[in-house]
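Spelled out, the chains give:
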Amino acid sequence: MMINRRQFLTTLGLATLGTQMPPLIAQGELSPNTILKPSRLQVGDTVGLIAPAGVFEPKYIEVVKQYLKELGLKAKLGAHILDRYGYLAGKDADRAADVNAMFSDRSVKAIITVRGGWGCNRILPLLNYPLIRSHPKIIMGYSDITSLLLAINARSQMITFHGPVATSTWSPFMLDYLKRILFDGEAVTMQNINTSEVRVEAIAPGKARGKLVGGNLSVLSAMVGSPYLPSWYKSILFVEDTNEDIYRVDRMLTQLKNAGILNQISGFIFGQCTDCSLGDEPSFTLMQVLQDHILPLSIPAWYGSMIGHIKDKFILPIGLEVEIDADTGTIELLEAAVN
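Note that the coordinates shown come from a computational prediction; the quantities given were computed from them, not determined experimentally.

Considering the overall build of the protein
Each helix and strand counted, the protein has 11 helices and 14 strands in total. Counting across all 339 residues of the protein, residues that qualify as buried make up 56%. Accessible surface, the protein: about 14,200 Å² in total, of which carbon and sulfur atoms supply 51%.

As structure tokens, this is what we get:
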């Protein structure tokens, strides 16, 4: 019997999702269709700080605590946050233990990673996804934290947040989005502020709706083939990167295409490619590479959103339904991301 391409991709997506479910979901004790939202932040809450990737310097602890204090929040440090193991913030088992411990700690209301670097992929098999699902909390970060956010979203079926790490510069722009999304539970519409440094360039016009999924392109492409990625069917994919030659961006997008990911999405956003270069001549421009990969998909898409390794960045709820408009470069949350 012949099936059309869309039916095949749908079936493929559902089959893949089945391999990604945590044990409790697979056994029917938890519905795989229920996406959990964490509780919103409130003044006086305790925030857990963890270093699941690169080494965290002790000199930043007081700075981070002061940021949280100004928001009316208290800090609780992970037991291994200052550990060192080569370029990692401790051994894999210890970094994973800090993640699990923060989710199980009832005094902790949200979790913020202190920095990226490298290392989150190494701890994904060691996380207790049923435990995390039974204690849904805000968890936020970006860059290498992408793998942690995507794995928890996929395996624990919980909204996670692509946003600043604790050592980011907490600008008024980010604090405004943090308050509106994580404290007030507002269904905001995100749009670039007026600046020539983050100019939106449409790849293909139009509007689309879907589940928001994505993160750092290098990290995401390195996760392809693992059981820690969510379903891509009709999702809105956002990516960003830093310090990459254009041919590497091309290579990573090609990997997503060959893995069948790009053919499933309903919309595409490339944030910022900070300090990316043409590399050796001759070269394509980044826009030429994006057009090669995205235009044939006939989906709304643009480059230049305020996402990535930049001072002012959006806070994006991974797993939440959104509507995008490629003509205006806007991302509209269709519901609150927190309870």
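Structure's up, so let's keep going.
Considering the sheet that holds strand β14 (residues 330-333)
One key point about sheets: their strands pair by backbone hydrogen bonds, in either a parallel or an antiparallel sense. Spatially, β6-β14-β13-β8-β9-β10-β11-β7 is the arrangement adopted by the eight strands of the open sheet, whose pairing is mixed. The two strands at the open ends of the sheet, each matched to only one other strand, are β6 (189-190) and β7 (201-204).

Focus on helix α10 (residues 246-258)
The end-to-end C-alpha distance of α10 is 18 Å, a good match for the 18 Å that 13 residues give at a rise of 1.5 Å each. Along α10, the residues that are buried comprise I246, V249, M252, L253 and L256. All buried residues of α10 project into a common sector of 125 degrees when viewed along the axis, lining one side. Across α10 from its buried face, at more than 90 degrees, point the exposed residues R251 and N258. Considering only its buried residues, α10 is in contact with α9 (217-223), β9 (235-242), β10 (267-274) and α11 (286-294). Trailing α10 by a residue or two, G260 shows a phi angle of about 85 degrees, which is positive.

Some thoughts on the nonpolar core
In a soluble, globular protein the nonpolar side chains are often hidden away together inside. Counting residues in each nonpolar core, the largest one holds 106 residues, and the members touching the most others are F161 and F268. Counting residues per element, this core draws most heavily on helix α8 (residues 172-183), at seven residues. Once you skip the residues sitting within four places of it in the chain, F268 turns out to touch I203, L237, V239, L253, L290, I294, I299, P300, A301, W302 and I324.

Observations regarding the state of the cysteines
For the coordinates displayed, the defined rule picks out one disulfide. Across a sulfur-sulfur distance of 2.1 Å, C273 and C276 are joined as a disulfide pair. Taking the torsion about the sulfur-sulfur bond, which here is approximately -75 degrees, the covalent link between C273 and C276 counts as left-handed. Judged by relative accessible area, which is 10%, C273 ranks as buried.

Description of the side chain of D45
Here D45 is to be found in the loop between α2 (23-26) and β1 (46-50). For the buried D45, which has no salt bridge, the nearest side chain bearing the opposite charge is K109, at an N-O separation of 6.0 Å. A polar side-chain atom of D45 sits 2.8 Å from the main-chain amide nitrogen of Q42. Setting aside residues no more than four positions away along its own chain, D45 makes contact with R40, G72, L73, K74 and K109.

Reading the values: the criteria
Residues numbered from 1 in each chain as written. Predicted model: local features only at pLDDT ≥ 70, side-chain atom pairs only at ≥ 80, totals over all residues. Heavy atoms only, no water. Helix = DSSP H or I, 4+ residues; strand = E, 2+ residues; numbered from the N terminus. Buried < 20%, exposed > 50% of the residue type's maximum accessible area, 1.4 Å probe, protein only. Areas by Shrake-Rupley, 256 points an atom, 1.4 Å probe, with all protein chains shown as cover. Pairing = 2+ DSSP bridges. Expected span 1.5 Å × (residues − 1). Arc of directions from axis to C-beta. Contact = heavy atoms within 4.5 Å. Core = buried A, V, L, I, M, F, W, Y, C linked by side-chain atoms within 4.5 Å. Disulfide = S-S within 2.5 Å. Lys, Arg positive; Asp, Glu negative; His and termini not counted. Salt bridge = Lys/Arg side-chain N within 4 Å of Asp/Glu carboxyl O. Polar contact = N/O pair within 3.5 Å; in protein donor to acceptor, adjacent residues only side chain to side chain.

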